[in-house]
Amino acid sequence: MVASIPTRVTNEKGFTLIDLLFVVGVMGVLATLAIPGLMRAKGAAHSSSAIGTMRVVNSSQLSYAITCGFGFYSPDFKTLGDKPPGALEAFLPPELATGAMFTKAGYNFSMAGTAIPGSPATCNGLAAGVAVPGYAVVADQLNIATPQGRFFGTNADGVIYEHNDTLAAIMPESGPPASGAPLNR
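Quick caveat: nothing in here was measured; it's all calculated off a predicted structure.

Cut-off values and rules
Positions within a chain are numbered from 1, following the residues in the order the chain's sequence is written. Local features in this predicted model are restricted to residues of pLDDT 70 or higher, and side-chain atom pairs are both shown and tallied only at a pLDDT of 80 or more, whereas totals for entire chains, interfaces and linings draw on every residue. Computation of side-chain values covers all heavy atoms of the structure but excludes hydrogens and water. Between any two strands, at least two bridges found by DSSP are needed for them to pair. Elements are defined by DSSP. Helices are runs of H or I of four residues or more, strands are runs of E of two residues or more, and each kind is numbered from the N terminus. Criterion for a disulfide: a pair of cysteine sulfur atoms at a distance within 2.5 Å. Each residue's exposure class comes from its accessible area (1.4 Å probe, protein chains only) as a fraction of the maximum for that residue type: buried when under 20%, exposed when over 50%, partly exposed otherwise. In summary, the pairing rule links any two rings of Phe, Tyr or Trp, Trp by its six-membered ring, whose centres are within 6.5 Å, and it sorts them by plane angle into stacked for under 30 degrees, edge-to-face for over 60 and tilted for everything else.

1. Remarks on the sheet that holds strand β6 (residues 181–182)
- Taken together, the 6 strands give an open sheet; going across it, the order is β1-β2-β3-β4-β5-β6, and neighbouring strands pair in antiparallel fashion. Looking at which strands have only one partner, the edges of the open sheet turn out to be β1 (101–104) and β6.

Encoded structure:
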C-alpha cells in the first residue's frame, strides 16, 4: 500500500513591489509635510541662542566695566576673553572671544565702540585710551532666505532690540536704535 502524502496548498503573502512603492510614497509625503515645521523650530532655536548670547555679552560687559574697566567697556570680544591677573576665568567664554566677530547658531555677532582718549588702562592689559564709554553688538542672521528674518542688537543700556533687517548701521552705543523693537525680558 502506498501512503499518500497530503499536499497542502499554501497561500504565501508578502509585500509586492507596488505595496513597497506605496509605503515609500506615503513616507515621502509625511516627510514633506514635516520639513517646514522642522525648519521653523530650527529658526526659533537659533534665535533663542542669539538672544542668550546677547545677554551673555551684556553681562560680561557690565562685569568688565565694574571690576576691570573703571567704568569703561571693552571695545571688542577679544578683550572680554582676556583673563585678568588673579582671576579664575575671563569675562567672556573662549568660544565667544575669538576675534572681532564670531559665528554661533546661524548668527554672525560683531561689536563696535568708540574709544575715548582719556580712558584708563584696564586690569586685563587694555592700554590707556582704548576703552569705550558705550558699545553696540549686533547679531545678523546668516541665512537671510528664511522667512521672517530676525536680527538683534544691544548696547550699553543692556536692552536687546529686534528688527527684520540688520541693525548694524543704526545701533547706537547707548539708547534705542532708529528702528527695531525692544524684546520683552
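2. What about the state of the cysteines?
- A full pass over the atoms with the stated rule returns 1 disulfide.
- Here C68 pairs with C123 through a disulfide, and the sulfurs are 1.9 Å apart. Taking the sign of the torsion about the S-S bond as the criterion, the disulfide between C68 and C123, at about -120 degrees, is left-handed. Here the residue C68 occupies a position in the loop between α1 (17–67) and α2 (77–80), and C123 occupies one in the loop between β2 (107–112) and β3 (136–141), the gap between them amounting to 55 residues.
- Given the relative accessible area of 32%, C123 is considered partly exposed.

3. Re the packing of aromatic side chains
- Summed over all chains, the structure comprises 5 aromatic pairs.
- Between Y64 and F91, the aromatic rings sit 5.3 Å apart at their centres with planes inclined by 80 degrees, giving edge-to-face as the arrangement. Taken together, the residues span a long stretch of sequence, with Y64 in helix α1 and F91 in the loop between α2 and β1 at a distance of 27 residues. The same class applies to Y64 as to F91, namely buried.
- Look at F102 and F109: their rings are 4.8 Å apart centre to centre, the planes differ by 15 degrees, and that puts the pair in the stacked class.

Don't take any of this as a statement about function, it's just geometry.
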